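Observations on the model geometry
If you want the building blocks of each chain, they are given just below.
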Amino acid sequence: MTKQWQAVCKVEDVIPGTGVCALVAGKQVAIFRTLKEKKLFALDNFDPFGKANVLSRGIQGSIGDDLVVASPLYKQHFVLATGKCLEDDVTIPVYAVREEDGQVQVSV
């Protein structure tokens, strides 16, 4: 099965070091652009601990070699590349994301 891509915003709409939320195939997806490498990541926006769609508002950082986002509610850290929570045995969905012609695209 081939991937289909949905354009969600311009790359410059995602300021390095921050996240934005986009509706992709009916799901809220948090899209992050890292500060130094300006690399894109996409993961579910739903915080399973706070039971709210807020992860796009979290603070990016790193713990060891892992780039993470800290939930703005209870501060659990989720690895941007895998969705794994570092404090608990929980993993949230991650999505393929790419930059194409100045657009951020997420796989649907």
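Numbers given to residues run from 1 along each chain, matching the order in which its sequence is written. With pLDDT at 70 or above as the cut-off, local features in this predicted model cover only qualifying residues; side-chain atom pairs require 80 or more to be listed or tallied, and sums for whole chains, interfaces and linings still use all residues. Excluding hydrogens and water, the side-chain values take into account all heavy atoms of the structure.

1. Details of the overall build of the protein
In DSSP terms, a helix is any run of H or I states spanning at least four residues, a strand is any run of E spanning at least two, and both are numbered starting from the N terminus. Regarding its fold elements, the protein presents zero helices and twelve strands. Helices and strands appear in the protein in the N-to-C order β-β-β-β-β-β-β-β-β-β-β-β. Taken over C-alpha atoms, the radius of gyration comes to 13 Å for the protein, in line with the 13 Å a tight globule of 108 residues would show. Within the protein, buried positions represent 36% of all 108 residues. For this analysis, residues touch if any pair of their heavy atoms sits within 4.5 Å. Considering only intrachain contacts with a sequence separation of at least 6, the fraction spanning at least 24 residues in the protein is 40%. The accessible surface values rely on the Shrake-Rupley method and a 1.4 Å probe; as for residues, cover is taken only from the protein chains in view. With the model as given, the accessible surface of the protein reaches about 6,200 Å², and the carbon-plus-sulfur share is 51%. With C-alpha atoms as the basis for the radius of gyration, the globule rule is written as 2.2 Å multiplied by the number of residues raised to the power 0.38. Burial status follows relative accessibility: with a 1.4 Å probe on protein chains alone, a residue under 20% of its type maximum counts as buried, one over 50% as exposed, and anything between as partly exposed.

2. Structural notes on the pairing of strand β12 (residues 103-107)
Counting buried positions over the five residues of β12 gives four, a clear majority of the element. Any two strands are treated as partners once DSSP identifies two or more bridges connecting them. Pairing of strand β11 (residues 97-100) with β12, which is carried by four bridges, proceeds in the antiparallel orientation. When the sheet's bridge partners are listed, V97 is paired in β12 with V106.

3. Focus: a negative patch on the surface
Any residue with relative accessible area above 30% and no salt bridge may belong to a patch, with like charges joined within 9 Å and the nonpolar Val, Leu, Ile, Met, Phe, Trp and Tyr side chains within 5 Å. Here, a salt bridge means any side-chain nitrogen of Lys or Arg that lies within 4 Å of a carboxyl oxygen of Asp or Glu. Only four residue types enter the charge count, namely Lys and Arg as positive and Asp and Glu as negative; His and the chain termini do not. Here the site of a charge means NZ on Lys, CZ on Arg, CG on Asp, or CD on Glu. A contiguous patch of negative charge on the surface is contributed by E12, D13, E99, E100 and D101. Structurally, E12 is set in the loop between β1 (5-10) and β2 (18-24). Owing to a relative accessible area of 55%, E12 belongs among the exposed residues under this scheme.

4. Some details on the nonpolar core
What is meant by a nonpolar core is a set of buried Ala, Val, Leu, Ile, Met, Phe, Trp, Tyr and Cys residues, joined one to another through side-chain atoms within 4.5 Å. Ranked by size, the top nonpolar core spans twelve residues in total: C9, V11, V14, A22, V24, V29, I31, L40, A42, V97, V104 and V106. At the level of elements, β2, β3 (27-33), β4 (40-44) and β12 are the ones that each hand at least two residues to this core. Ignoring anything within four residues of it in the chain, the contact list for L40 reads I31, F32, R33, V97, R98, E99 and V104. By size, the runner-up hydrophobic cluster in this structure holds ten residues, among which are F78, L80, C85 and I92.

5. Looking at the sheet that holds strand β8 (residues 66-70)
Reading across from one edge, β7-β8-β9 is the order of the three strands in this open sheet, with antiparallel pairing throughout. The open sheet has two free edges, formed respectively by β7 (59-63) and β9 (77-79), since each of these has just one partner strand. Strand-to-strand twist of the sheet, defined as the mean angle between neighbouring strand axes without regard to direction, takes the value 40 degrees. The sheet contact formed by β8 and β9 spans three bridges and is antiparallel. Paired with A70 across the bridge in β9 is H77. In this analysis an axis means a line fitted to C-alpha atoms, helices contributing only their contacting stretch, and an angle means the value between N-to-C directions, from 0 to 180 degrees.

6. Some thoughts on the side chain of N45
Inspection of the secondary structure puts N45 in the loop between β4 and β5 (46-47). Exposure remark for N45: the relative accessible area of 1% places this residue in the buried category. Polar contact is the term for a pair of N or O atoms within 3.5 Å; when the atoms are in protein, one must be able to donate a hydrogen and the other to accept it, and sequence-neighboring residues count only if both atoms are side-chain atoms. Polar side-chain contacts of N45 include one of 2.7 Å to the backbone nitrogen of S56.

These values are about where atoms sit, not about what they do.
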